[in-house]
Amino acid sequence: MSEKIVFEGCACFRQRLVFATLSKQTVRFVKVRAGSDEPGLKEHEVSFLRLLDTITNGSKININETGTTVTFRPGTIVNGRKLRFDCGTSRGIGYFLEFLLCIAPFGKVPLHIYLSGITNDNQDPSVDIIRTVLLPVMKRFGVEDGLELKVIRRGLRPGGGGEIMFQCPVVRKLDPLRCVDVGLIKRIRGLVYTARIAPTTANRVIDKCRQVLNTFIPDVYLYTDHYTGKEAGISPGYGLSLVAETSTKALLSIELAAGQGQLPEELGETAAHLLCEEIDRGGCFDTQSQTLCFLFMTLGPEDVSKVRIGKLSPFSIQFLRDLKQFFNVTFKLKADPETTTTLTSAVGIGYTNVHKKLA
């Protein structure tokens, strides 16, 4: 195990902890919100540490009295069956699940976990987008058999009360990926969810959304998902997720949860325009799935993986810098002025899950 990697502040907290776990390196965070009126770690950051501790064996976590200094020495990823974890209500389930996808395939046994909390909000990836967009990304790298995400209960802000079941198989190695042809938009699918409100709200969202999208493409279909009783969680609300699929099976997505007092027609129209913007950025991977793709390219075999992406988000840029620091992998970025996209390539480190026996 190498020397500690020290970071000042808690920016990119989750990804650095996950990279430390995968690379078996100790990390230390100092001066965490030291100048703030409320110094130290927030509730959701402590919860994320607790989640890592749940699925690993032998991890050592030290937090000082004020919470401004954190040391994490990773253990072995073991996963487990029928685990349960409460994500709280300060952040959505997506805050935790987004990075759980990154390490679950490399455990000792498959992961089977129930996460409870907020399933949909505008701050973190919703469980719907993770299911329809991020899981297919994992399948492209060879993580397939037994990969499943199921929504048991919806949970919206502020009360939460949602629950999902996630299970992920383990793999010995990832497959390389070459995906440079974006193709043309073939169809658009969507899901409008409603909880503890009139189910007719969903129809109003769908009508307005289709009105905008049908001017570009006829194959637009939006499903409704209405929840009542215990399955609806604690708080009322509604929202939708949209996914555009291209002729080469690239997935471009957006999601939007209704704000307080927002009309269904306004939500539907805004979401349709946001999807058009995401499609305009181009690429085989949307803004939401860029980082997962980059990590799996890094962990892949010692072969060149090459993908085309749209505009790099600031989050993705920092993600690439952290990959360089933890795994010493440099990505080659080549702008394509004709399509305003970026060709991204890297040689993987050949990461191997030593717990997974050879077939």
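What you see as residue numbers is a count from 1 along each chain, following the sequence as written. pLDDT decides what is reported in this predicted model: residues at 70 or higher carry local features, side-chain atom pairs at 80 or more are listed and counted, and totals for whole chains, interfaces and linings draw on all residues regardless. Hydrogens and water are ignored here; the side-chain numbers use all heavy atoms of the structure.

Some thoughts on the packing of aromatic side chains
Right, on to step 1. Ring geometry is summarised as follows: Phe, Tyr and Trp rings, the Trp one being its six-membered ring, pair when their centres sit within 6.5 Å, and such pairs are stacked at plane angles under 30 degrees, edge-to-face over 60 and tilted between the two. A complete count under the given rule lists 16 aromatic pairs for this structure.
Right, on to step 2. Our definition puts a charge over a ring when NZ of Lys or CZ of Arg is within 6 Å of the ring centre and also within 35 degrees of the ring normal. Sitting over the ring of F7, R16 keeps its end group 4.0 Å from the ring centre.
Right, on to step 3. The side chain of R84 reaches across the aromatic face of Y114, ending 4.3 Å from its centre.

Digging into helix α1 (residues 13-23)
Right, on to step 1. Counting buried residues along α1, 11 of its 11 residues qualify, which places the element largely inside the surrounding structure.
Right, on to step 2. Three labels apply to residues, based on accessible area from a 1.4 Å probe with only protein chains included: buried if under 20% of the type maximum, exposed if over 50%, partly exposed otherwise in between. A run of DSSP states H or I qualifies as a helix once it reaches four residues; a run of E qualifies as a strand once it reaches two. Both are numbered from the N-terminal end. For α1, every residue scored as buried is listed here: F13, R14, Q15, R16, L17, V18, F19, A20, T21, L22 and S23.

Focus: helix α5 (residues 200-213)
Right, on to step 1. Multiplying 1.5 Å by the residue count of a helix minus one yields the expected span of that helix. The end-to-end C-alpha distance of α5, which contains 14 residues, comes to 20 Å, matching closely the 20 Å that a straight helix rising 1.5 Å per residue would cover.
Right, on to step 2. Contact between two residues is taken to exist if any of their heavy atoms lie within 4.5 Å; hydrogens are not considered. Against β12 (185-195), β13 (220-227), β14 (237-246) and α6 (264-281) lie the buried residues of α5.

Here's the deal with unusual backbone geometry
Right, on to step 1. The step from R157 to P158 runs through a cis peptide bond, and the omega angle for that step is 0°.
Right, on to step 2. Mapped onto the fold, P158 is located in the loop between β9 (148-153) and β10 (162-168).
Right, on to step 3. For C12, which is not glycine, the phi dihedral falls at a positive 55°.
Right, on to step 4. With respect to the element layout, C12 can be found in the loop between β1 (5-8) and α1.

Focus: the packing of helix α4 (residues 127-140) against helix α7 (residues 290-299)
Right, on to step 1. In this analysis, axes come from line fits to C-alpha atoms, helices being fitted only over the stretch in contact, and the angle between any two N-to-C directions falls in the range 0 to 180 degrees. Following both chains from N to C, one finds α4 and α7 inclined at 15°, their axes separated by 10 Å at the closest point. Put simply, α4 runs roughly parallel to α7. Pair α4 / α7 crosses with right-handed handedness. Where α4 abuts α7, its residues L134, V137 and M138 lie against L292, C293 and F296. The labels follow the angle: roughly parallel below 35 degrees, roughly antiparallel above 145, roughly perpendicular from 65 to 115, and oblique for the rest. When the near helix sits turned anticlockwise from the far one by under a right angle, the crossing is termed left-handed; a clockwise turn instead gives a right-handed crossing.

Here's the deal with the layout of surface pockets
Right, on to step 1. Each pocket or cavity is described by its volume, and for the largest pocket that value is around 570 Å³.
Right, on to step 2. Here a cavity denotes a set of grid points, spaced 1 Å apart and computed over the protein atoms alone, in which a 1.4 Å probe fits but from which it cannot get out, and a pocket denotes an open set meeting protein on both sides within 12 Å along at least five of seven lines; residues with an atom within 4 Å of a point are reported as lining. If you go around the largest pocket, you meet 23 residues; those closest to its centre are Q123, P125, E255, T287 and Q288.
Right, on to step 3. Only β15 (251-257), α6 and α8 (314-327) provide two or more residues apiece to the lining of the largest pocket.
Right, on to step 4. For the lining of the largest pocket, the residue count by class is 6 nonpolar, 8 polar and 9 charged.
Right, on to step 5. Grid points are joined across faces, edges and corners, and a volume is the space filled by probe spheres set on the points. Taken as a whole, the second largest pocket encloses approximately 330 Å³ of empty space.
Right, on to step 6. R157, P236, A258, G259 and Q260 are, among the 16 residues lining the second largest pocket, the residues nearest its centre.
Right, on to step 7. Partitioned by chemical class, the residues of the lining of the second largest pocket number 8 nonpolar, 6 polar and 2 charged. Residue type decides the class: Asp, Glu, Lys and Arg count as charged, Ala, Val, Leu, Ile, Met, Phe, Trp, Tyr, Cys and Pro as nonpolar, and the leftover types, Gly among them, as polar.

Overview of the sheet that holds strand β7 (residues 80-86)
Right, on to step 1. Taken together, 4 strands build an open sheet; the order of strands is β7-β8-β10-β9 and the sheet is mixed. Each having just a single partner strand, β7 and β9 make up the two edges of the open sheet. In this sheet, adjacent strand axes meet at a mean angle of 15° when their direction is disregarded.
Right, on to step 2. Strands β7 and β8 (111-117) of the sheet are contacted by helix α2 (residues 43-55), whose axis makes an angle of about 165° with β7. A pair of strands is treated as paired once DSSP finds two or more bridges between them.

Comments concerning empty space enclosed by the protein
Right, on to step 1. Across all of its chains, the model carries 2 cavities of 30 Å³ or more by this definition.
Right, on to step 2. Of the voids in this model, the largest cavity is the one considered here, and its volume is about 60 Å³.
Right, on to step 3. Along the walls of the largest cavity sit E98, F99, C102, L134, Q288, T291, L292 and F319, which together make up its complete lining.
Right, on to step 4. Empty space within the second largest cavity amounts to approximately 40 Å³.
Right, on to step 5. Forming the walls of the second largest cavity are N120, D121, N122, S126, D128, Y193, L240, S241, E255, L256 and A257.
Right, on to step 6. Mapped by element, the contributors of at least two residues to the lining of the second largest cavity are β14 and β15.
Right, on to step 7. The element that contributes the greatest number of residues to the lining of the second largest cavity is β15, accounting for 3 residues.
Right, on to step 8. Looking at side-chain class alone, the lining of the second largest cavity contains 4 nonpolar, 4 polar and 3 charged residues.

A look at the pattern of salt bridges
Right, on to step 1. The term salt bridge refers to a pairing of a side-chain nitrogen on Lys or Arg with a carboxyl oxygen on Asp or Glu at a separation within 4 Å. The tally for this structure, following the rule as stated, stands at 17 salt bridges.
Right, on to step 2. A salt bridge links K42 to E38; the shortest N-O distance between them is 3.5 Å.
Right, on to step 3. Where D124 meets R91, a salt bridge forms, and the shortest distance between an N and an O atom there is 2.6 Å. Note that D124 is positioned in the loop between β8 and α4 and R91 in the loop between β7 and α3 (93-103), a separation of 33 residues in sequence. Taken individually, D124 and R91 each receive the classification buried, so the pair is uniform in this respect.
Right, on to step 4. Here the salt bridges do not stand alone but share partners, grouping D128, R131, R154 and D225 into one network.

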